[in-house]
Amino acid sequence: MPSADAADATPAAAPPPRAAISHVIFDTDGLLLDTEGFYTAVQEKILGRYGKVFDWSVKAKMMGKTTAESTRILFEECGLTGLLTPEQFLQEREIMLKELLPTCMLLAGVVCLIHHLHANGIPLAVATGTHKHHFALKTQNHQEIFSLMHHIVTGDDPDVKAGKPSPDIFEAAMRRFESDVEPGNCLVFEDAPLGVAAAKTAGMHVVMVPDARLDVSHHKEADQVLSSLLDFNPSDWGLPPFRAI
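Residues numbered from 1 in each chain as written. Predicted model: local features only at pLDDT ≥ 70, side-chain atom pairs only at ≥ 80, totals over all residues. Heavy atoms only, no water.

The name given to the chain in an unreviewed UniProt entry is glycerol-1-phosphatase, with the source organism recorded as Urochloa decumbens. Looking at the Sequence similarities (unreviewed entry) heading of the UniProt record, one finds this comment for the chain: "Belongs to the HAD-like hydrolase superfamily. DOG/GPP family." (UniProt positions renumbered as here; feature names shortened; annotations may be inferred.)

Structure below.
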């Protein structure tokens, strides 16, 4: 008969997974690619000429929105109307972004997680509010990773009638997988509050990896909040575990 000490040494059973996930959808900016700093720097530079400040209270409202909608929010929040037109702002921003976006780097944990999921037969997709031409600039030096995606849905896709927090983009991404997929079997990775809201409205589960500067009040809708993709444990979601090294 085992001793009490031996019984105490028995490892505790692993907790049951949060959900039975079969498909994974990723946002891109600030989640897979380190691009958010570029947008911030460019907008700070333009607004600074007019004595305006671009801070995180404004940025949080813009993250995940379409270009047109985020520009409208920027003009309203920062009082830019009458100082320059949205067209002038976007034209100047575009010139600077064309130089910066191709230099973006993959964020920590991206390569390991995507290779792991792909190697284990988990269908992957991207659902990003960015438009095709910007997506091409950002990913031109990271084709090996993005080639592992089953498909990519951008913000200017015809099926995306409204930007996040509308669920359109995640619903479009789900429909394009080869088999019928239920929303409850989809796990979305997001960094933006509006993206989290969109995925939850679509009936999906969400892991949020927010910027550390984002106020914690924006975390509450997410099912799980991580400081980095390096902290993700696939077993939490019924996905194949990482191999022990």
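Any chance you could explain the pattern of salt bridges here in plain terms?
Oppositely charged side chains can pair when the atoms bearing their charge come close. Using the criterion set out here, one finds 12 salt bridges in the structure. For Lys138, the salt bridge identified is with Asp29, shortest N-O distance 2.8 Å. Placement of the pair is Lys138 in helix H7 (residues 132–139) and Asp29 in the loop between strand E1 (23–26) and helix H2 (36–48), with a sequence separation of 109 residues. There is no split in this pair, since Lys138 and Asp29 are both buried. (Salt bridge = Lys/Arg side-chain N within 4 Å of Asp/Glu carboxyl O. Helix = DSSP H or I, 4+ residues; strand = E, 2+ residues; numbered from the N terminus. Buried < 20%, exposed > 50% of the residue type's maximum accessible area, 1.4 Å probe, protein only.)

I would appreciate a short explanation of the side chain of Lys59 in the present structure.
For Lys59, the location among the structural elements is in helix H3 (residues 56–62). Among the residues examined, Lys59 registers a relative accessible area of 4% and is labelled buried. Of note is the side chain of Lys59, whose polar atom sits 3.0 Å from the side chain of Glu36. (Polar contact = N/O pair within 3.5 Å; in protein donor to acceptor, adjacent residues only side chain to side chain.)

What should I look at first to understand helix H6 (residues 110–119) in this one?
When we look at burial in H6, the residues that qualify are Val110, Leu113, Ile114, His116 and Leu117. For H6, the arc enclosing every buried residue in end-on projection is 160 degrees, short of the 170-degree limit, so these residues lie on one face. Two residues or fewer past H6, Gly121 is found with a positive phi of approximately 75 degrees. (Arc of directions from axis to C-beta.)

I tried to follow the sheet that holds strand E5 (residues 205–208) on my own but got confused; where do I start?
Pairing between the strands of a sheet comes from backbone hydrogen bonds, and it takes one of two forms, parallel or antiparallel. Pairing is parallel in the open sheet, where six strands are placed in the order E3-E2-E1-E4-E5-E6. For this open sheet the edge positions go to strand E3 (151–154) and strand E6 (224–225), each flanked by a neighbour on one side alone. Relative to E6, E5 runs parallel, the two sharing two bridges. Looking at the pairing, Val207 lines up with Gln224 of E6. With respect to the sheet, H6 is in contact with E1, strand E2 (124–128) and strand E4 (186–190), its orientation differing from that of E1 by roughly 150 degrees. Each of E4 and E5 is contacted by helix H10 (residues 193–201), which is oriented at about 165 degrees to E5, the strand it contacts most. (Pairing = 2+ DSSP bridges. Contact = heavy atoms within 4.5 Å. Axes fitted to C-alpha atoms, helices over the stretch in contact; angles between N-to-C directions.)

What's the story with the environment of Arg176 in this structure? I'm lost.
Of note, Arg176 is situated in the loop between helix H9 (168–175) and E4. On the basis of relative accessible area, Arg176 is assigned to the partly exposed category, the value being 29%. When the C-alpha positions of Arg176 and Lys45 are compared, they lie 39 Å apart, and in sequence the two are 131 residues distant. Beyond its immediate sequence surroundings of up to four residues, Arg176 is in contact with His150, His151, Val153, Asp157 and Asp159. A polar atom in the side chain of Arg176 sits 2.8 Å from the side chain of Asp157. At a separation of 2.8 Å, a polar atom in the side chain of Arg176 contacts the side chain of Asp159.

Could you clarify how one ought to interpret the packing of aromatic side chains in this entry?
The geometry of an aromatic ring pair is captured by two quantities: the separation of the ring centres and the angle between the planes. Tallied over the entire structure, the rule returns four aromatic pairs. On the numbers, 5.5 Å between centres and 85 degrees between planes, the contact of Phe135 with Phe146 is edge-to-face. With Phe135 in helix H7 and Phe146 in helix H8 (residues 143–146), this residue pair connects regions lying 11 residues apart in the sequence. Each member of the pair, Phe135 as well as Phe146, carries the same accessibility label: buried. (Phe/Tyr/Trp six-rings, centres within 6.5 Å; stacked < 30°, edge-to-face > 60°.)

I would appreciate a short explanation of the packing of H2 against helix H5 (residues 86–100) in the present structure.
Where H2 contacts H5, the two axes come as close as 10 Å, and the packing angle between them is 140 degrees. Classed by the angle they form, the pair H2 and H5 counts as oblique. In the packing of H2 onto H5, the handedness of the crossing is right-handed. Of H5, the residues touching H2 (which contributes Phe38, Tyr39, Val42, Gln43, Lys45, Ile46 and Leu47) are Phe89, Glu92, Arg93, Met96, Leu97 and Leu100. Across the contact of H2 with H5, the residue classes break down as nine nonpolar, one polar and three charged. (Parallel < 35°, antiparallel > 145°, perpendicular 65-115°, else oblique. Left-handed = near helix turned anticlockwise from the far one by under 90°. Nonpolar A, V, L, I, M, F, W, Y, C, P; charged D, E, K, R; others polar.)

So what exactly am I meant to see when it comes to the side chain of Arg93 here?
Checked against the element boundaries, Arg93 lands in helix H5. No salt bridge is formed by the buried Arg93; its nearest oppositely charged neighbour, Glu94, is found at 5.7 Å. (Lys, Arg positive; Asp, Glu negative; His and termini not counted.)

Got a minute to help me understand the environment of Pro158 in this structure?
With respect to the helices and strands, Pro158 occurs in the loop between E3 and H9. The class for Pro158 is exposed, based on a relative accessible area of 61%. In this structure, the C-alpha to C-alpha distance between Pro158 and Gly121, residues 37 residues apart in sequence, is 28 Å.

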